[in-house]
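Take a look at the letters that make up each chain.
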Protein chains: 2
Amino acid sequence: MSTEYPTPATAELQLVDVLRALADPVRLDVVRLLGDGMAHCKGREDWNFGVQKSTMSHHLRILREAGVTDVTIDGRDHWIRLRREDLEARFPGLITGVLSDRAEG
Amino acid sequence: MSTEYPTPATAELQLVDVLRALADPVRLDVVRLLGDGMAHCKGREDWNFGVQKSTMSHHLRILREAGVTDVTIDGRDHWIRLRREDLEARFPGLITGVLSDRAEG
DNA sequence: AGGATGGTTCGATGAACGTCATACTCCGAA
DNA sequence: TTCGGAGTATGACGTTCATCGAACCATCCT
């Protein structure tokens, strides 16, 4: 069995909410991790961003409620995915621009 | 005579700062106004966004310091311009995605 | 059943933010 | 040189936000 979290429909995505969700270092790191298009399971090695789990939970909620991510619950595991196609359909270029920032310090 | 405000170089643009600058309704409206590529003079009719002038000054400072806009001072007039090419060079697609949101409520 | 594990929720706290009114600076015109 | 207008800087105020620890919930394994 697997459930899903409620998340706004593509047409309901609000630009301000999306931008606010992206405008944080931790959340930006999460988005970059999800940039490969795969669903990533929380609680794995690659999820260590230097914050407590309650804080991470908070960040993931913001991303989800803004419609940036998708969450599928499978038992104790939460699989997070970037809603790249939806974002691209709604705000063409935006996510590409965000992810293009990989190579700098 | 005309001076300019200091503004970060293209290579120094920080994604988080740019996103934070864009993640506000008033500033988003400003960016949309500047979306035509022209330099707009503050204090004209089209600059009425329902906030006091000190608040608007604050918002314009944030946009400028993040590198989203350019300001040229000519006497008492301040001409604001969107740094579209620079942003496009640094984060390809981002600004296009933001400006593509024109047509919705 | 019981314990360990993966996530969430709930205060609390300190920092950052948006807003405004006021005071100030600078320029141009009378 | 004096006055008014355009814009900035400062300080205050209330709100939102990121962060954490602790309590809680659900699931898997023994």
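Peer 1: Help me out: how do you make sense of the protein's contact with DNA strand D in this one?
Peer 2: Residues in contact with DNA strand D amount to 21 residues; listed here are only the nearest, A:Arg27, A:His59, B:Lys42, B:Lys53 and B:Ser57. In DNA strand D, atoms within 4 Å of the protein come 66% from sugar and phosphate. Note that a phosphate oxygen of DNA strand D is positioned 2.8 Å from one of the side-chain N or O atoms of A:Arg27. Note that a sugar or linking oxygen of DNA strand D is positioned 3.1 Å from one of the side-chain N or O atoms of B:His78. Of all the secondary structure elements, the ones that give two or more residues to the surface near DNA strand D are helix H3 (53-66) of chain A together with helix H3 (53-66) of chain B.

Peer 1: It is not clear to me how the sheet that holds strand E3 (residues 69-74) of chain A should be interpreted in this structure. Could you clarify?
Peer 2: All names here are of chain A. The antiparallel open sheet is built from four strands, whose spatial order is E1-E3-E4-E2. Pairing within the sheet leaves two strands with one partner each, and these edge strands are strand E1 (3-4) and strand E2 (40-41). As paired strands, E1 and E3 are joined by two bridges and run antiparallel to one another. Across the sheet, residue Glu4 finds its bridge partner in E3, namely Thr72.

Peer 1: I would appreciate a short explanation of the packing of aromatic side chains in the present structure.
Peer 2: Any pair of aromatic rings gets described here by the distance separating the centres and the angle formed by the planes. All names here are of chain A. Counted according to the given criterion, the structure contains two aromatic pairs over all chains. Ring geometry for Trp47 versus Phe49: centroids 6.0 Å apart, planes at 85 degrees, classification edge-to-face. Exposure remark for Phe49: the relative accessible area of 22% places this residue in the partly exposed category. Note that Arg64 overlies the ring of Tyr5, its terminal NZ or CZ placed 4.0 Å from the centroid.

Peer 1: Just checking my understanding: could you explain the protein's contact with DNA strand C for this structure?
Peer 2: Residues in contact with DNA strand C amount to 21 residues; listed here are only the nearest, A:Lys42, A:Lys53, A:Ser57, B:Arg27 and B:His59. With respect to DNA strand C, the side chain of B:Thr55 contributes an N or O atom lying 3.2 Å from a phosphate oxygen. Contact distances for DNA strand C include 2.4 Å between a phosphate oxygen and a side-chain N or O atom of B:His59. Going through the elements one at a time, H3 of chain A together with H3 of chain B are the ones with two or more residues in the surface near DNA strand C. Of all the elements, H3(B) adds the most residues to the surface near DNA strand C, at five residues.

Peer 1: Could you clarify how one ought to interpret the interface of chain B and chain A in this entry?
Peer 2: It is common to give the size of an interface as the accessible area lost on bringing the parts into contact. At the interface, 22 residues of chain B touch 22 residues of chain A. Of the roughly 1700 Å² buried between chain B and chain A on both sides combined, carbon and sulfur atoms contribute 66%. The largest per-residue losses of area from chain B upon contact with chain A belong to B:Leu15, B:Leu19 and B:Ala23, which jointly make up 27% of the total buried on that side. Residues B:Arg90 and A:Asp101 are paired through a salt bridge, measuring 3.3 Å at the closest nitrogen-oxygen approach. Run the count over chain B and chain A and you get four residue pairs in polar contact (both at pLDDT 80 or more). Residue assignment for the side of chain B that touches chain A shows that the elements contributing at least two residues are helix H1 (15-22), helix H2 (25-33) and helix H5 (94-99) of chain B. The biggest single contributor to the side of chain B that touches chain A is H1(B), with five residues.

The rules we used
Throughout, residues of each chain are indexed from 1 in the direction in which the sequence is written. Numbering of ligands from 1 and lettering of chains from A proceed in the order in which they are written. Totals for whole chains, interfaces and linings use all residues, but because this is a predicted model, local features are given only for residues with pLDDT of at least 70 and pairs of side-chain atoms are given and counted only at 80 or more. Computation of side-chain values: all heavy atoms of the structure, hydrogens and water removed. Here a residue is near a molecule or strand as soon as one of its heavy atoms is found within 4 Å of it. Here a polar contact means two N or O atoms within 3.5 Å. Within protein one must be a hydrogen donor candidate and the other an acceptor candidate, and residues neighboring in sequence count only if both atoms are side-chain atoms. Under the scheme used here, helices are H or I runs from DSSP no shorter than 4 residues and strands are E runs no shorter than 2 residues, and both carry numbers assigned from the N terminus. Two strands pair if DSSP finds at least two bridges between them. Only Phe, Tyr and Trp rings take part, Trp by its six-membered ring, and two of them pair if their centres are within 6.5 Å. Stacked means planes under 30 degrees apart, edge-to-face means over 60, and tilted covers everything else. Throughout, exposure labels follow a simple rule: accessible area from a 1.4 Å probe, protein chains only, divided by the maximum for the residue type, with under 20% read as buried, over 50% as exposed, and the rest as partly exposed. Ring-over charges, as used throughout, are those where CZ of Arg or NZ of Lys falls within 6 Å of the ring centre and within 35 degrees of the ring normal. Two residues form a contact once any of their heavy atoms are found within 4.5 Å. Buried area is a sum: the accessible area each of two parts loses on coming together, probed at 1.4 Å, counted once for each and added. In what follows, salt bridge is the name for a side-chain nitrogen of Lys or Arg lying within 4 Å of a carboxyl oxygen of Asp or Glu.

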